[in-house]
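Survey of secondary and tertiary structure
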Amino acid sequence: MTRKKIYVCAPYSGTLEEMLRNEHGGMNEVLADAYALTGDESYLHCARRFSHKLLLDAMRDHDDILDNMHANTQVPKAVGFTRIAELSGDEGYLEAGRWFWENVTGGRSLAFGGNSRREHFPSADACIDFVRDIDGPESCNTYNMLKLTEDLHRLEPEARYADFYERALFNHILSTQHPEHGGYVYFTSARPRHYRNYSAPNEAMWCCVGTGMENHGKYGQFIYTHKGRSLYVNLYAASELNWRERGVTLRQETDFPYGETAVFRITEGRRRFALQLRCPSWVQDGAFEVRVNGKLRRRLSGKPSSYVRIARRWKKGDVVEVRFPMENRVEHLVNVPQYVALMHGPILLGMKTGTEDLAHLIADDSRFGQYASGARLPVAEAPFFVSDDIDGLATQLESIPGEPLHFRLTGEVHNRIEGELQPFFEIHDARYMMYWLAMTPGDYAEYLEETAREEQARAALDARTTDRVQPGEQQPETDHQMQTNGSMTGNDNDVFYRDARNGRYFSYLLQTGGRTGLSVFLKYWGVGEWKTREFDIYVDDTLLQSVNNTGRWNTSAFITEEFPVPDALLAGRKAVRVKIVAHEGKQTGGIYEMRLVETKI
């Protein structure tokens, strides 16, 4: 009898498993490291106990349960899986870490290597949020994905790991520290014509500041690795390696990514070993060239995403020259093919589009200071391409003489903004284009009209809002000081909700902006009439409204309601606590959004 895989019940319902659903860092990795340092197997046992079985079993069995999970809660778990596998030889743990990596890098990462929006992995249908929202991938996620990549490469030195590492390092990590004042980036928005803001010393100590301090101190960490008598060149970066165990010193000379060549010189030592040169995935088949002491080694042309092996007795004075031609290409936004990024080799090309309304460019110490909170310029008015050959857009880039990796767009661009394409990691203190709408002539007009309508409605609601919370999402609920005595969460239609039953409640502290004339705004899902949706709304323990939504709607759509708050409950208050209490024997039904908004007149 085949065992049915169910990942929401026993044995995943114990107290420890419930705890491991929450963000707890890399505890299983730390404990595994303690075992490696001490040899005490109790640490390894504890590392296994701190491995979230819900995620471990699903990833091992190639069951994708990542939709709507908090992303950086999961990545450190996978790092720990892989570290445990390295120390114990457990193939199940290794497969879990490996498949997690494949899932995230293969179908959940953007062109610059980052992943997640609103700190969660979106479903395929919700990936359009990368364009709609401003809080794109966070730096911590990529920091931890690079750790996972290093661990997997150490176990399986395959070029595909180094290909991802290069993409994420040169595009995301390199772009996340300001080159002058040193501030760090939390969210990198992919929304057309938005921007990023930066931390300030003694003001903002976000998670991405902590990992950011590490990120920019270890650019040399993965350039070279070795296994046995093989030396792997994973990254093309000017550097010098002192391989003490082999008594060899090697110097790499390159201006990558601004150039397409690298030269390796043996400056000390004489030893036999295999030099493994990465042929990147972005090099055309047969275009990778290797010369040893001036002689072209034609049989070493290499396949894309592989290592070219040169085994010989190396000595001081030996020179290896490598050529890796870079070409322009188009990459489609994951699950949203109508948006494209322009790449040159592994480098994401962006374009500055202006400096208007860069609010909070340097973040303050407020709880939401990590958000680039300036105006969301209309997506429908951003530059876009109309073409019958979308992938052919890469041929419409013209190099700018004297400015490596800078290009002009020569083709037709609607809503054109004059500017030049350049490496995304060079762009700071400006709004930018990372992804461009690219559609055929017969499709774009209707799409833009619909996009404009949706954005206008969203902008009008945001303009009325003094504060909002997304029930069921970890960070917004923490930010709004949630209180509850046994409510539950879930996700339907790619939106989180919170529900309560039998007299239980949940509440949030919402900012008033010092205003009166406000209403409580709630969002429900219209289908679910079997539920007994009866609850009370309280504002600071004063009953505002008793609500009975049982049987009110029968539609597969979101429904919103607004409940005016008496001015007496708001006067002189900077914040109020809004509480939802289920009636005895009843339930609230899912609350998918809560806001304080200006009351409609």
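Above: the structure in question.
Here's what I pulled together on the structure shown here. (Residues numbered from 1 in each chain as written. Predicted model: local features only at pLDDT ≥ 70, side-chain atom pairs only at ≥ 80, totals over all residues. Heavy atoms only, no water.)

Attention now goes to the overall build of the protein. Within the protein, the secondary structure is distributed over twelve helices and 30 strands. Against the 2.2 N^0.38 benchmark of 25 Å for 601 residues, the protein shows a C-alpha radius of gyration of 27 Å, consistent with a compact globule. Scored against the burial criterion, the 601 residues of the protein give a buried share of 55%. Counting contacts in the protein only where the partners sit at least 6 residues apart, residues at least 24 apart contribute 71% of the total. With an accessible surface of roughly 25600 Å², the protein has 47% of that area assigned to carbon and sulfur atoms. Of the charged side chains in the protein, 71 are positive and 84 negative; the average position of the first set lies 7 Å away from that of the second. (Helix = DSSP H or I, 4+ residues; strand = E, 2+ residues; numbered from the N terminus. Rg over C-alpha atoms; globule rule 2.2 N^0.38 Å. Buried < 20%, exposed > 50% of the residue type's maximum accessible area, 1.4 Å probe, protein only. Contact = heavy atoms within 4.5 Å. Areas by Shrake-Rupley, 256 points an atom, 1.4 Å probe, with all protein chains shown as cover. Lys, Arg positive; Asp, Glu negative; His and termini not counted. Charge placed at Lys NZ, Arg CZ, Asp CG, Glu CD.)

Another point: the packing of helix H5 (residues 71-88) against helix H6 (residues 91-107). Running from N to C, H5 and H6 point in directions that differ by 140°, and their axes come no closer than 7 Å. As the angle between them shows, H5 and H6 are arranged oblique. The crossing of H5 and H6 is left-handed. Between H5 and H6, the contacting residues are Gln 74, Val 75, Ala 78, Phe 81, Thr 82, Ile 84 and Ala 85 on the first element and Tyr 93, Leu 94, Ala 96, Gly 97 and Phe 100 on the second. (Axes fitted to C-alpha atoms, helices over the stretch in contact; angles between N-to-C directions. Parallel < 35°, antiparallel > 145°, perpendicular 65-115°, else oblique. Left-handed = near helix turned anticlockwise from the far one by under 90°.)

Our next topic: the layout of surface pockets. Roughly 870 Å³ of volume is contained in the second largest pocket. Elements with a minimum of two residues in the lining of the second largest pocket: H5, helix H12 (474-479), strand S22 (488-492) and strand S23 (495-499). (1 Å grid on protein atoms, 1.4 Å probe; cavity = no way out; pocket = protein on both sides within 12 Å on 5 of 7 lines; lining within 4 Å. Points joined across faces, edges and corners; volume = space filled by probe spheres on them.)

A word on the pairing of strand S19 (residues 436-439). Both faces of S19 are covered, namely the face carrying Trp 436 and Ala 438 and the face carrying Leu 437 and Met 439. In this sheet, S19 lies alongside strand S12 (residues 336-344) in antiparallel orientation, the contact comprising two bridges. Along S19, the bridge assignment pairs Val 340 with Trp 436. The pairing of strand S14 (residues 384-386) with S19 spans three bridges and is classified as parallel. The residue bridging Phe 385 from the neighbouring strand is Ala 438, located in S19. (Pairing = 2+ DSSP bridges.)

Phe 100, Tyr 236, Phe 264, Leu 277, Phe 288 and Val 320 are the most contacted members of the largest nonpolar core, which has 77 residues in total. Ranked by residue count, the leading element in this core is helix H9 (residues 159-171), at eight residues. Sequence-distant contacts of Phe 264, defined by excluding residues within four places in its chain, comprise Tyr 224, Val 233, Tyr 236, Leu 250, Arg 251, Gln 252, Leu 277, Asp 318, Val 319, Val 320 and Val 322. If you look at the next biggest cluster of nonpolar residues, it comprises 28 residues, including Val 336, Met 343, Leu 348 and Val 386. (Core = buried A, V, L, I, M, F, W, Y, C linked by side-chain atoms within 4.5 Å.)

Here we take up the environment of Gly 585. Among the structural elements, Gly 585 can be located in the loop between strand S29 (575-582) and strand S30 (593-598). Separated by 261 residues in sequence, Gly 585 and Phe 324 have C-alpha atoms that sit 69 Å apart. Other than its neighbours up to four places away in sequence, Gly 585 contacts Asn 502 and Thr 532.

What follows concerns the sheet that holds S30. Sheets are built from strands paired through backbone hydrogen bonds, the pairs being either parallel or antiparallel. Across the sheet, which stays open at both edges, the four strands sit in the order S20-S30-S25-S28 with antiparallel pairing between neighbours. At either end of the open sheet lies a strand with only one pairing partner, and these are strand S20 (465-469) and strand S28 (558-564). Shown here is a sheet whose adjacent strand axes are inclined to one another by a mean of 20°, direction ignored. Here S20 pairs with S30 via four bridges, running antiparallel. Note that in S30 the partner of Asp 467 across the bridge is Leu 596. The strands that helix H11 (residues 444-464) touches are S20, strand S25 (518-525), S28 and S30; relative to S30, the one it contacts most, it runs at about 70°.

Rolled over the atoms, a probe sized like a water molecule indicates the empty space that remains. As enumerated under the stated definition, the model contains four cavities of 30 Å³ or more in all. Its boundaries defined by the atoms lining it, the largest cavity holds a volume of some 50 Å³. Looking at the largest cavity, the residues that line it are Ile 134, Asp 135, Phe 187, Ser 189, Tyr 195, Arg 196, Asn 197, Gln 370, Tyr 371 and Ala 372. Across the lining of the largest cavity, the residue classes tally to five nonpolar, three polar and two charged. Considering only enclosed or pocket space, the second largest cavity measures out at about 50 Å³ in volume. (Nonpolar A, V, L, I, M, F, W, Y, C, P; charged D, E, K, R; others polar.)

A cluster of like positive charges, contributed by Arg 229, Arg 270, Arg 271, Arg 272 and Arg 313, occupies part of the molecular surface. For the positive patch, the element with the highest residue contribution is strand S6 (residues 270-279), accounting for three residues. Looking at the element boundaries, Arg 229 is found in the loop between strand S1 (224-227) and strand S2 (230-233). (Patch = residues over 30% accessible without salt bridge, like charges linked within 9 Å, V, L, I, M, F, W, Y side chains within 5 Å. Salt bridge = Lys/Arg side-chain N within 4 Å of Asp/Glu carboxyl O.)

Turning to the pattern of salt bridges, a few remarks are in order. Throughout the structure, instances matching the rule amount to 44 salt bridges. Residue Arg 154 pairs with Glu 86 through a salt bridge whose shortest N-O separation is 2.7 Å. One end of the pair, Arg 154, is in helix H8 (residues 139-155); the other, Glu 86, is in helix H5, and 68 residues separate them in sequence. According to the relative accessible area criterion, Glu 86 is partly exposed, its value standing at 26%. The shortest N-O distance in the salt bridge between Glu 156 and Arg 98 comes to 2.3 Å. Here Arg 98 lies in helix H6 and Glu 156 lies in the loop between H8 and H9, a separation of 58 residues in the sequence. Residue class for Glu 156 comes out buried when judged on its relative accessible area of 14%. Given a relative accessible area of 14%, Arg 98 falls into the buried group.

Structural measurements only, silent on function.
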